[in-house]
Amino acid sequence: AQSVSQHNHHVILSEAASLELGCNYSYGGTVNLFWYVQYPGQHLQLLLKYFSGDPLVKGIKGFEAEFIKSKFSFNLRKPSVQWSDTAEYFCAVFGQSSSASKIIFGSGTRLSIRP
Amino acid sequence: DAGVTQSPTHLIKTRGQQVTLRCSPKSGHDTVSWYQQALGQGPQFIFQYYEEEERQRGNFPDRFSGHQFPNYSSELNVNALLLGDSALYLCASSLGGGVGDTQYFGPGTRLTVL
């Protein structure tokens with residue numbers, strides 16, 4: 001069965017620190033991978049996605065993620081965080097192969113940035 | 001460009017009652033998916049509607065049902081409410097019926113079951 005793990009439930013960083021949020025999934029076939037973000041009081045919105053091609057994906061607001069197929073990982077990174085990056089981040093995976101596939105979200109990582 | 005809208009924003013019901021939640025997709029989108037987000041958890045996929053039919057379904061009982069109208073808007077119905085149904089219900093829209101496509105989310109409906 002598909003599953004998604006986000007091991008960091010709450011991450012606290014100072015401004016200008018580097019960020020890496022982990023996302024691991026279990027699915028043996030081809031996947032579509034997503035990071036969604038929810039800023040305080042706002043809707044969930046797409047940060048970046050990987051469907052195929054270059055495994056290093058760049059998203060909005062300076063975020064990037066790298067798909068490492070051998071590690072079943074899609075970690076989110078940002079070299080220098082800002083206070084405005086305070087939000088909840090969700091990794092999501094869709095397994096392409098099965099006719100019964102559905103998109104699975106991780107439980108989320110809350111990111112708090114100290115000014 | 002109108003985004004995804006949902007109504008109502010908040011709802012309080014008692015156990016055993018029935019509830020209907022509504023969603024209008026983003027302009028130009030024809031596919032609606034529904035998710036349940038419990039406190040402290042990620043969204044869980046309930047089902048997806050495309051061309052007025054349920055196309056995919058997550059691990060939710062038959063108490064959860066839906067409908068899509070010709071204008072692509074959608075309803076989520078939950079019968080025989082349980083305390084555990086208390087959650088934020090999210091609607092997301094996309095184009096073309098693909099489950100693995102980018103989802104555009106609405107603000108959600110907060111359902112409280114007493």
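Below: a short report on this structure.

What counts and how
Residues numbered from 1 in each chain as written. Chains lettered and ligands numbered in written order. Predicted model: local features only at pLDDT ≥ 70, side-chain atom pairs only at ≥ 80, totals over all residues. Heavy atoms only, no water. Phe/Tyr/Trp six-rings, centres within 6.5 Å; stacked < 30°, edge-to-face > 60°. Helix = DSSP H or I, 4+ residues; strand = E, 2+ residues; numbered from the N terminus. Buried < 20%, exposed > 50% of the residue type's maximum accessible area, 1.4 Å probe, protein only. Lys NZ or Arg CZ within 6 Å of the ring centre and 35° of its normal. Core = buried A, V, L, I, M, F, W, Y, C linked by side-chain atoms within 4.5 Å. Contact = heavy atoms within 4.5 Å. Pairing = 2+ DSSP bridges. Axes fitted to C-alpha atoms, helices over the stretch in contact; angles between N-to-C directions. Buried area = accessible area lost by both parts, 1.4 Å probe. Salt bridge = Lys/Arg side-chain N within 4 Å of Asp/Glu carboxyl O. Polar contact = N/O pair within 3.5 Å; in protein donor to acceptor, adjacent residues only side chain to side chain. Disulfide = S-S within 2.5 Å.

Another point: the packing of aromatic side chains. Aromatic ring pairs: the centre-centre distance and the angle between the two ring planes describe each pair. Applying the stated rule across the entire model yields 13 aromatic pairs over all chains. Between A:Phe63 and A:Tyr89 the ring centres are 5.6 Å apart and the planes differ by 45 degrees, which places this aromatic pair in the tilted class. In this pair, A:Phe63 sits in the loop between strand E7 (56-58) and strand E8 (64-68) while A:Tyr89 sits in strand E10 (residues 87-95), placing the two residues 26 residues apart along the sequence. Given the relative accessible area of 1%, A:Phe63 is considered buried. A relative accessible area of 0% means that A:Tyr89 is categorised as buried. Each ring, one from A:Phe105 and one from B:Tyr35, has its centre 5.6 Å from the other, and the planes form 85 degrees; the classification is edge-to-face. Note that A:Phe105 is positioned in strand E11 (residues 103-105) and B:Tyr35 in strand E4 (residues 31-37), a pairing that runs across two chains. Comparing A:Phe105 with B:Tyr35, the two get one shared label, buried. An aromatic cluster is defined as three or more aromatic residues linked by ring pairs; in this entry it consists of A:Phe34, A:Tyr36, A:Phe51, A:Phe105, B:Tyr35, B:Phe45 and B:Phe105. In this arrangement the basic side chain of A:Lys49 is found over the ring face of A:Phe51, its NZ or CZ atom lying 5.2 Å from the centre. The cationic tip of B:Lys26 hangs over the ring face of B:Tyr104; the distance from NZ or CZ to the ring centre is 5.4 Å.

All right, on to the nonpolar core then. Ranked by size, the top nonpolar core spans 30 residues in total, and within it A:Tyr25, A:Leu33, A:Trp35, A:Leu48, A:Phe74, A:Leu76 and A:Tyr89 carry the most contacts. Listing elements by their share of this core, those giving two or more residues are strand E2 (10-14), strand E3 (19-21), strand E5 (31-38), strand E6 (44-50), E8, strand E9 (73-78), E10 and strand E12 (109-114) of chain A. Here A:Leu33 is in contact with A:Tyr25, A:Leu48, A:Lys49, A:Tyr50, A:Phe67, A:Phe74, A:Ala92 and A:Val93, once residues within four sequence places are set aside. With 20 residues, the next largest nonpolar core counts B:Val4, B:Phe60, B:Phe64 and B:Tyr89 among its residues.

The next subject is the sheet that holds strand E3 (residues 19-24) of chain B. Within a sheet, neighbouring strands are paired by backbone hydrogen bonds and run either parallel or antiparallel to one another. Residues and elements named next belong to chain B. Pairing is antiparallel in the open sheet, where four strands are placed in the order E1-E3-E8-E7. Single-partner strands in this sheet number two, and they are strand E1 (5-7) and strand E7 (64-68). Averaged over all adjacent pairs, the angle separating strand axes in this sheet is 20 degrees, with direction ignored. Here E1 runs beside E3; their pairing, made up of three bridges, is antiparallel. Bridging across to E3, Ser7 finds its partner in Arg22.

Another point: the environment of B:Glu53. All names here are of chain B. Within the secondary structure, Glu53 is located in strand E6 (residues 53-57). The exposure class assigned to Glu53 is partly exposed, which follows from its relative accessible area of 47%. Distance in space between the C-alpha atoms of Glu53 and Asn77 is 15 Å, their sequence separation being 24 residues. In this structure, Glu53 is in contact with Gln48 and Gln68, ignoring residues within four places of it in sequence.

Let us look at the interface of chain A and chain B. Each partner contributes residues to the interface: chain A has 19 residues there, and chain B has 21 residues. Carbon and sulfur atoms supply 59% of the area buried between chain A and chain B, which totals about 1500 Å² over both sides. Where chain A packs against chain B, one counts zero salt bridges. At the boundary of chain A and chain B, one finds three residue pairs in polar contact (both at pLDDT 80 or more). Counting residues per element, the ones that place at least two in the side of chain A that touches chain B are E5, E6, E10 and E11 of chain A. The biggest single contributor to the side of chain A that touches chain B is E5(A), with four residues.

What follows covers the state of the cysteines. Residue and element names in this part refer to chain A. For the structure shown, the criterion picks out two disulfides over all chains. The side chain of Cys23 participates in a disulfide bridge whose partner is Cys91; the two sulfur atoms lie 1.9 Å from each other. Judged by the sign of its S-S torsion, about -60 degrees, the cystine formed by Cys23 and Cys91 is left-handed. In this pair, Cys23 is assigned in the loop between E3 and strand E4 (24-26) and Cys91 in strand E10, connecting sequence segments 68 residues apart. Each member of the pair, Cys23 as well as Cys91, is classed as buried.

Everything listed is a geometric property; what it means functionally is a separate question.
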